[in-house]
Amino acid sequence: KMKIATAAYPLDWFDDWAAFESKARAWVSDAAEQGAELLVFPEYGAMELSTLAGRNVSIDLEQSLHAVSERVPQSDAFYAKLAAEFSVHILTPSAPVFDTNVHPDRPVNRTRLIAPNGKSAVQDKQIMTVFERDPWDVATGSGPLKLFDTSLGKIGVLICYDSEFPLLGRALIEAGAAYILVPSCTEALAGYWRVRIGAISRALEGQCVTAMASVVGNVDWSKSVDAGSGMGGIFGPPDTGFPSTGVIAEGILNQAGWTIADAPLGEIEHVRKTGVVRNSTHWHEQGGDESTIPVTYCDLR
């Protein structure tokens, strides 16, 4: 069986790089020791890297975006080291990344899925929330959605708000996704529930497993990610082989830590073939004009 660990993740102050490495290692080793093979960190979990540039930078939105982006190659390299050391797949905390191949002067919201063999690929957020449009001015992600083909199964990623749009989820299902990861950063309880409802809806429609991670807790060194509300959650279709509620596992609201559960590929394949309902198969019977959303294949096996 495959175990997924999804984080309720507090942002911390780092006096130096060693402090970041210590935290990252502790979180990864904790999940790995509990048998997890796929670790999901939340949206904008990387904003804590801005503290390495000092409070004057972390408290200023624009400066903090640049400070985090500058650290992402270094943090990605360390997560790759941990993925290999603990033999796990890691979806890194998403970060604002300035990539001139995408936009000349604005960041995208980017996460990276890293396999234990060292292979990795990125997913950028597709649809920006109101605050990401103004004042953050985050650019729309580059290229299409990605389908990550891994030794654990085929995985897609919908970053936070993206999970609330059914055609994005459907594009991943059509491409072959069995798992959809939903890293999130929500300040209010209403925001958490919007994303949770989106994640559960995508699990129902696609007869797949979705895994939602959250930023939790309050900080005084940022005006942009100063409050986080949520918890980890792993969801499936309320049908054959899954809980009647569709909730495979959930954490405790605003309590930091991992939520871990089995999510074997066999159960997903079984419910798609023999479920009481067949949402995934019957999707096209609703008719209408369905948008075509391209998905790029990424081989991480």
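A brief look at the structure comes next. Keep in mind the model is a prediction, meaning the values are calculated, not measured.

## Some details on the overall build of the protein chain
- For the protein chain, the count of helices and strands is eight helices and 15 strands.
- In terms of overall dimensions, the protein chain is globule-like: its C-alpha atoms have a radius of gyration of 18 Å, near the 19 Å expected for 301 residues.
- Taking the principal axes of the C-alpha coordinates as reference, the protein chain spans close to 55 × 45 × 35 Å.
- Across the 301 residues of the protein chain, 54% fall into the buried class.
- Long-range pairs, those at least 24 residues apart, make up 70% of the contacts in the protein chain between residues at least 6 apart in sequence.
- Of the roughly 12,000 Å² of accessible surface on the protein chain, 50% is carried by carbon and sulfur atoms.
- Side-chain charges of the protein chain comprise 24 positive and 37 negative groups, with the mean position of each set lying 4 Å from the other.

## Let's talk about the packing of aromatic side chains
- Counting across every chain of the model gives 14 aromatic pairs.
- On the numbers, 5.7 Å between centres and 80° between planes, the contact of tyrosine 192 with tryptophan 193 is edge-to-face.
- Classification of tryptophan 193 by relative accessible area gives partly exposed; the value is 38%.
- Among the aromatic residues, ring-to-ring pairing joins Tyr9, Phe14, Trp17, Phe20, Trp27, Phe41, Phe78, Tyr79 and Trp258 into one connected group.
- Lying across the ring of tyrosine 9, lysine 23 places its NZ or CZ 3.9 Å from the centre.

## Details of the environment of glycine 233
- By the secondary structure assignment, glycine 233 is in strand β12 (residues 233-235).
- Residue glycine 233 is classed as buried on the basis of its relative accessible area, which comes to 1%.
- Those residues within four positions of glycine 233 in sequence are excluded, and the remaining contacts are Thr6, Thr210, Ala211, Met212, Ala249 and Glu250.

## Looking at unusual backbone geometry
- A cis amide bond links aspartate 134 to the next residue, proline 135, at an omega of 25°.
- Relative to the assigned elements, proline 135 resides in helix α4 (residues 130-136).
- Even without being a glycine, tyrosine 44 presents a positive backbone phi close to 55°.
- In the Ramachandran plot, serine 87 falls in the positive-phi region, its phi being about 55° despite a non-glycine side chain.

## Describing the pairing of strand β7 (residues 145-150)
- In terms of burial, β7 is largely enclosed, as six of its six residues are buried.
- In β7, alternate side chains face the same way, and those of Leu145, Leu147 and Asp149 on one face and Lys146, Phe148 and Thr150 on the other are all buried.
- The sheet contact formed by β7 and strand β15 (residues 295-299) spans five bridges and is parallel. From the neighbouring strand, lysine 146 faces β15, where its bridge partner is threonine 296.
- Where β7 meets strand β8 (residues 153-157), three bridges bridge the pair, whose relative direction is antiparallel. What sits directly across from aspartate 149, in β8, is lysine 154.
- Between β7 and β8, which pair antiparallel one after the other, the connecting turn spans two residues.

Calculation criteria
Residues numbered from 1 in each chain as written. Predicted model: local features only at pLDDT ≥ 70, side-chain atom pairs only at ≥ 80, totals over all residues. Heavy atoms only, no water. Helix = DSSP H or I, 4+ residues; strand = E, 2+ residues; numbered from the N terminus. Rg over C-alpha atoms; globule rule 2.2 N^0.38 Å. Buried < 20%, exposed > 50% of the residue type's maximum accessible area, 1.4 Å probe, protein only. Contact = heavy atoms within 4.5 Å. Areas by Shrake-Rupley, 256 points an atom, 1.4 Å probe, with all protein chains shown as cover. Lys, Arg positive; Asp, Glu negative; His and termini not counted. Charge placed at Lys NZ, Arg CZ, Asp CG, Glu CD. Phe/Tyr/Trp six-rings, centres within 6.5 Å; stacked < 30°, edge-to-face > 60°. Lys NZ or Arg CZ within 6 Å of the ring centre and 35° of its normal. Pairing = 2+ DSSP bridges.

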